[in-house]
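Listed below, chain by chain, are the residues.
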Amino acid sequence: MTEPSVPGASQPTTTPAPKPRRVRVHHLREAKERGERLTMLTAYDFPTARIFDEAGIDMLLVGDSIGNTMHGHDTTIPVTVDDLLPAVRAVSAATRRALVVADLPFGSYEASPEQAFATAVRMLKEGGAHAVKFEGGRRIAAQVRLLTDAGIPVVGHLGFTPQSENLLGGKRVQGRGDEAAERLSADAVALQEAGAVAVVLEMVPAPLAARVTEVLAIPTIGIGAGAACDGQVLVWLDMAGMGDWSPRFAQQFGQVGKALGDAARAYADEVRGGTFPDAGHSFLQ
């Protein structure tokens, strides 16, 4: 027979489940030192970010790729700070573990370090981001340095930089040839010296990405840059098979688009056939 509880006496307590450890910027460098690969995906909304966070993705990038993937633009150039902030807030609210990185869109950081600082402050204060990312090498080193000095972590972005698509002549592999490779390597070192905590390498020849990864003490995150990078990032719609086309470098790890289409067709069929809602999905009194 169970003894009655005594008021004021200590009662058995259930140990709460431990909270997942938040990924911080120093964990990125520590992972590189241990040879552990880092994972990053884009995310633009609360439910998707929550799924990826619970799956253990290390970093969630609220990218200006929202322009192509969610807003129907041909490029990322039309995306504004006000476009990105609601997405940053939603992703930040959904995450318990992942490091949330917010892109600075075209036109919001290039003019001066002060402009970059003002935009980055909005991403952290209004959006809840933990770090920001923007494109360029030596030309934006002063921006990286000011933000770092102010306590704002910066992820760099080299190689194919979508905001410069018009100057680069379209979506083309960057860093081919000795001179171009030297420029990209020098840009990567400049970002590290300015205080960047990681560098995304996009559409870069794999041997060059491997050399940059070996030279840098901070992690490289590849997208179309080969397997030697310290981590990988993909646009989540490409990763999950949400469309009929994806870039050559993006493997589809699922067919979410097909599953969603199948679910929508099944729903429509049951509504039109009068089988949904049935008694089990209705209030009978």
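Residues numbered from 1 in each chain as written. Predicted model: local features only at pLDDT ≥ 70, side-chain atom pairs only at ≥ 80, totals over all residues. Heavy atoms only, no water.

Novice: Could you give me a rundown of the sheet that holds strand 2 (residues 59–62), with the residues and numbers involved?
Specialist: Sheet strands pair by backbone hydrogen bonding; their relative direction is either parallel or antiparallel. Reading around the circumference, 1-2-3-4-5-6-7-8 is the order of the eight strands in this closed barrel, with parallel pairing throughout. Sheet twist, expressed as the mean angle between neighbouring strand axes with direction ignored, is 25 degrees. Strand direction decides the pairing type here: strand 3 (residues 99–103) and strand 4 (residues 131–133), joined by three bridges, are parallel. Its bridge partner lying in strand 4, Val-101 is registered against Ala-131. Lying over the sheet, helix 4 (residues 81–94) contacts strand 2 and strand 3, oriented at roughly 160 degrees with respect to strand 2. (Pairing = 2+ DSSP bridges. Helix = DSSP H or I, 4+ residues; strand = E, 2+ residues; numbered from the N terminus. Axes fitted to C-alpha atoms, helices over the stretch in contact; angles between N-to-C directions. Contact = heavy atoms within 4.5 Å.)

Novice: Please provide a residue-by-residue account of the packing of aromatic side chains, values included.
Specialist: Counted according to the given criterion, the structure contains three aromatic pairs. Where Phe-52 meets Trp-236, the ring centres are 5.9 Å apart and the plane angle is 65 degrees; that geometry is what we call edge-to-face. One end of the pair, Phe-52, is in helix 2 (residues 46–54); the other, Trp-236, is in helix 10 (residues 236–239), with 184 residues separating them in the sequence. Of the two residues examined, Phe-52 and Trp-236, each falls in the buried class. (Phe/Tyr/Trp six-rings, centres within 6.5 Å; stacked < 30°, edge-to-face > 60°. Buried < 20%, exposed > 50% of the residue type's maximum accessible area, 1.4 Å probe, protein only.)

Novice: How would you sum up helix 6 (residues 141–149)? Please name residues and give values.
Specialist: Those residues of helix 6 not exposed but buried are Ala-141, Gln-143, Val-144 and Leu-147. Take helix 6 and look down its axis: the buried residues cluster within an arc of 160 degrees, on one side only. The elements touched by buried residues of helix 6 are helix 5 (113–125), strand 4, strand 5 (154–159) and helix 8 (178–194). Following helix 6 by one or two positions, Gly-151 adopts a phi angle in the positive range, close to 90 degrees. (Arc of directions from axis to C-beta.)

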